[in-house]
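Notes for the structure review
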Amino acid sequence: MTAPRPVAWFQICARCTRRIDVGPSPRQWCPVCHGVLLSPVPVGQSTAPVGQSTMAVRRNFRWVASAPGSAPLRRVRRVPTPTPRYDVMPTWGLPIAPRPHPSAPESATDRLARRSTSLLTATVALFVAAAVAEVARYVVLLVSRDRLMPAAVLALSDAAVWCLSFLSLGVGLVAAVATVARVVRLRRGAYARHGLTDPRRTRTLYLGSLLPIVTLLLPGVFLTELARTSEHRLRLERLVPWWWAAWVGNWLLIAATVAWRTVDGIQAQANGVVLTAITDLVAAGVAALTLTVIRRADGRTVRGDTRTLTRWTVLPTTPVSDTTPAPEDTAPDQLADVR
């Protein structure tokens, strides 16, 4: 009977990955680098025999193939580096900016409201031109009392009056709608700054501003509410009452002009021409005053420039020093404009 052959065992170093052949008693430390040795594994048994569980011979390492002649993989210990520190706040880095949000497409009403100032400017120019045409017609009527006027002059006068009248009325109506749309957006912005919503519905603002009878009262109310909630309250509250009076007077003058046109007679028609010219001038003034109100609500000047604040401070005439001058040497102070 032959004696059983002893089983050879080996262990793998966890640090230098060397294979250490051991006997029946396992080791704990590697004799080369003094690293920790993994659990022993019998030589030639990489897999479990037939009929034996794989948990009994499970290895706690894996084989890694390397090219012939290459050095074995070694784990390099990294020397810890000191934590970076700064004497001052670093100025480098990516800019911290909010992510731009895609803006909503601009609607037709928004575009019309944005062009309200240009439409009001065109309305002022057209009504002034219409008033000039009416004055020219009155001059033609005065001259025609003594002599006959050429047919070309009469045709040119009639064409100028009719064209400028219809053009000024059409542009004025479009400017009125654009102005109401602008007022709606100004009211929303003014109430939003106070954390509120506009108590007036958009339909109410449009109908109250454009209907012929209620337009005498409600537009002034809407602008007064805007002035009380706007950040430019002081400037608007002084201007809105004047605009309201001019607005009502313009409508009363329009009604008087229409009624005067129904009167027969040459002198009545001539007086109607003069009254129409005055009405056109008043309408141009109301359009200019409306333009001023819109620009004041936007925080701009009458010409449309960005308004700059002016602070008044006391500026001494003598230079400032560490010593306080005597009362008799102190010059009277004067005001300086500091922008």
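Preceding this paragraph is the structure being described.
Structure report, in brief. (Residues numbered from 1 in each chain as written. Predicted model: local features only at pLDDT ≥ 70, side-chain atom pairs only at ≥ 80, totals over all residues. Heavy atoms only, no water.)

A few points about the pairing of strand 2 (residues 19-22)
For clarity, the cut-off: The buried label applies to any residue whose accessible area, calculated with a 1.4 Å probe on protein chains only, is under 20% of its type's maximum; exposed applies above 50%, and partly exposed to all values in between. Comment: elements are numbered from the N terminus, with helices defined as DSSP H or I runs of at least four residues and strands as E runs of at least two. A pair of strands is treated as paired once DSSP finds two or more bridges between them.
Every second residue of strand 2 is oriented toward a common face, the buried set being Ile20 and Val22 and the non-buried set Arg19 and Asp21. The pairing of strand 1 (residues 9-12) with strand 2 spans four bridges and is classified as antiparallel. Paired with Ile12 across the strands is Arg19, a residue of strand 2. Turn length for the strand 1-strand 2 hairpin, with the two strands adjacent in sequence and antiparallel, is six residues, and the turn residue Thr17 shows positive phi of about 60 degrees.

Observations regarding the side chain of Thr279
Where we set the bar: Should any heavy atoms of two residues lie within 4.5 Å, those residues are counted as being in contact.
Tracing the backbone shows Thr279 in helix 7 (residues 266-297). We classify Thr279 as buried; its relative accessible area is 7%. In this structure Thr279 touches Asn250, Leu253, Ile254 and Thr257, once residues within four positions along its chain are discounted.

A closer look at the nonpolar core
We apply this condition: For our purposes a nonpolar core is just a set of buried Ala, Val, Leu, Ile, Met, Phe, Trp, Tyr and Cys residues, chained together by side-chain atoms within 4.5 Å.
Leu186, Leu223, Leu226, Leu236, Trp243, Val293 and Ala297 are the most contacted members of the largest nonpolar core, which has 15 residues in total. Those elements giving two or more residues to this core turn out to be helix 3 (151-193), helix 5 (218-229), helix 6 (233-260) and helix 7. Considering each element in turn, this core owes the most residues, five residues, to helix 6. With sequence-adjacent residues up to four places away left out, Leu186 is seen in contact with Leu226, Ile294, Ala297 and Asp298. In terms of nonpolar packing, the next biggest core, distinct from the first, is built from seven residues, Cys13, Cys16, Ile20 and Cys30 among them.

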